[in-house]
Amino acid sequence: MTGTAGRPEQLAASLAGVRERIARACASAGRPAEDVTLVAVTKTYPASDVVLLAGLGVTDVGENRDQEAAAKAAEARAAGAKLRWHFIGQLQRNKAKSVAGYADVVESVDSLRLVAALERACADRAEPLEALVQVSIDGDPSRGGAAGDDLWRISDAVAASPALRLGGLMAVAPLGWPPDRAFEQLAALHERLVAAHPAATAISAGMSADLEAAVRHGATHVRIGSSLLGMRNPLR
Ligand SMILES: *Cc1c(COP(=O)(O)O)cnc(C)c1O
């Protein structure tokens, strides 16, 4: 970020730019702009930014590390920000209880063991936790996500759990893949999912670099970090 504007002005300007990109992508796909929810990925940025974004009309935020997210969610809540918190990172089972304490959506469900841990962690919640099953589009599990028959087993387990609600699918385009190819495959998997689970309408796909391709292939949620908040350490 450059210039002399303060943080509120910077965030207002970058948010307007991202909203414009989403609106254009929706228009060229013949979809209404309300079809796509912006999830502001605030990892590495302070709770003060989350509060500013909430004041600018952002409704959904995404975080990928439990410790950081728990503290930030508490701080933002104390400051009066009303937000839906999406957990989007690889989740260890021993963190399920903590995440269930503040998250509205866990987008990175990719194993039956994690489903069981989340189910236990959510047993006494008032509302079921929304869970998206993370897809590994290239079948390489090192970056998280399920592939093949695991995807359907995990989806069925989420759908069968009273503590969880199957929201849909999430994916990150594999490194080196054209995003259109990745998101086209995701859309085909999602079509199969909704045939079995009609309420699982969400497709969380698209980040700062590839949101247009994701919207073209039906994304209902885009997860935008750097275009909104600025560049991070490249490993996060
Ligand atoms: C960090 C992250 C994003 C946001 O990425 P940007 O390129 O900064 O927009 C989206 N999804 C996941 C899973 C992430 O970890």
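Residues numbered from 1 in each chain as written. Predicted model: local features only at pLDDT ≥ 70, side-chain atom pairs only at ≥ 80, totals over all residues. Heavy atoms only, no water.

1. Some points on the UniProt feature "domain: Alanine racemase N-terminal" (unreviewed entry) in the protein chain
We count it as follows: UniProt positions are given in the numbering used here, feature names are shortened, and annotations may be inferred rather than shown by experiment. Only DSSP runs of H or I reaching four residues or more are called helices, and only runs of E reaching two or more are called strands; each is numbered from the N terminus.
Under the present numbering, the feature "domain: Alanine racemase N-terminal" (unreviewed entry) in UniProt falls on residues 19-232. Helix makes up 42% of residues 19-232 and strand 19%. Its end C-alpha atoms lie 21 Å apart.

2. Notes on the UniProt feature "modified residue: N6-(pyridoxal phosphate)lysine" (unreviewed entry) in the protein chain
Selection criterion: Only protein chains enter the calculation, and the probe is 1.4 Å; a residue is then buried if its accessible area is under 20% of its type maximum, exposed if over 50%, and partly exposed in between.
Here the UniProt-annotated "modified residue: N6-(pyridoxal phosphate)lysine" (unreviewed entry) positions come out as Lys43. As for its placement among the helices and strands, Lys43 is situated in the loop between strand E1 (37-41) and helix H2 (47-55). A residue is classified by how much of its surface remains accessible, and Lys43, at 13% relative accessible area, is buried.

3. Details of the site of the ligand
This is how it is decided: Note on definitions. A residue lies near a molecule or strand when any single heavy atom of the residue is within 4 Å of it. Nitrogen and oxygen atoms within 3.5 Å of one another constitute a polar contact, given that in protein one can donate a hydrogen and the other can accept it, and given that sequence-neighbouring residues count only through two side-chain atoms. Each residue is assigned to one of three groups, with Ala, Val, Leu, Ile, Met, Phe, Trp, Tyr, Cys and Pro labelled nonpolar, Asp, Glu, Lys and Arg labelled charged, and all others, Gly among them, labelled polar.
Around the ligand lies a shell of 12 residues, among which Lys43, Ser208, Gly225, Ser226 and Arg232 are the nearest. Here an oxygen atom of the ligand and a side-chain polar atom of Lys43 are 2.7 Å apart. Split by residue class, the shell around the ligand holds 5 nonpolar, 3 polar and 4 charged.

4. Observations regarding helix H7 (residues 179-196)
Which entries qualify depends on this criterion: Multiplying 1.5 Å by the helix residue count minus one yields the expected span of that helix. The criterion used for residue contact is that any of the two residues' heavy atoms lie within 4.5 Å.
A rise of 1.5 Å per residue sets the reference length of H7, with its 18 residues, at 26 Å; its end C-alpha atoms lie 26 Å apart and thus fit the reference within 8%. Looking at the buried residues of H7, the elements they touch are strand E5 (129-135), helix H6 (149-160), strand E6 (164-171), strand E7 (202-204) and helix H8 (211-216).

5. Quick notes on the pattern of salt bridges
Note the following rule: Here a salt bridge means any side-chain nitrogen of Lys or Arg lying within 4 Å of a carboxyl oxygen belonging to Asp or Glu.
In total, this model carries 12 salt bridges according to the counting rule given. As a salt-bridge pair, Glu20 and Arg24 come within 3.1 Å of each other at their nearest N and O atoms. In this pair, Glu20 and Arg24 are both assigned in helix H1 (residues 7-29), 4 residues apart and thus about one turn of the helix distant. We classify Glu20 as partly exposed; its relative accessible area is 40%. Classification of Arg24 as exposed rests on a relative accessible area of 56%. Arg165 is paired through a salt bridge with Glu130; the nearest N and O atoms lie 2.9 Å apart. With Arg165 in strand E6 and Glu130 in strand E5, this pair connects stretches of sequence that are 35 residues apart. Exposure remark for Arg165: the relative accessible area of 38% places this residue in the partly exposed category.

6. Let's talk about H1
Look at H1: 33 Å from first C-alpha to last across 23 residues, which is about the 33 Å you get at 1.5 Å a residue. Inspection of H1 places Gln10, Leu11, Ser14, Leu15, Val18, Ile22, Ala25 and Cys26 among the buried residues, and these make up the whole buried set. Turning to H1, the residues buried within the fold contact E1, H2, H8, strand E8 (221-224) and helix H9 (226-229). After H1 finishes, the residue Gly30 shows a positive phi value of roughly 70°.

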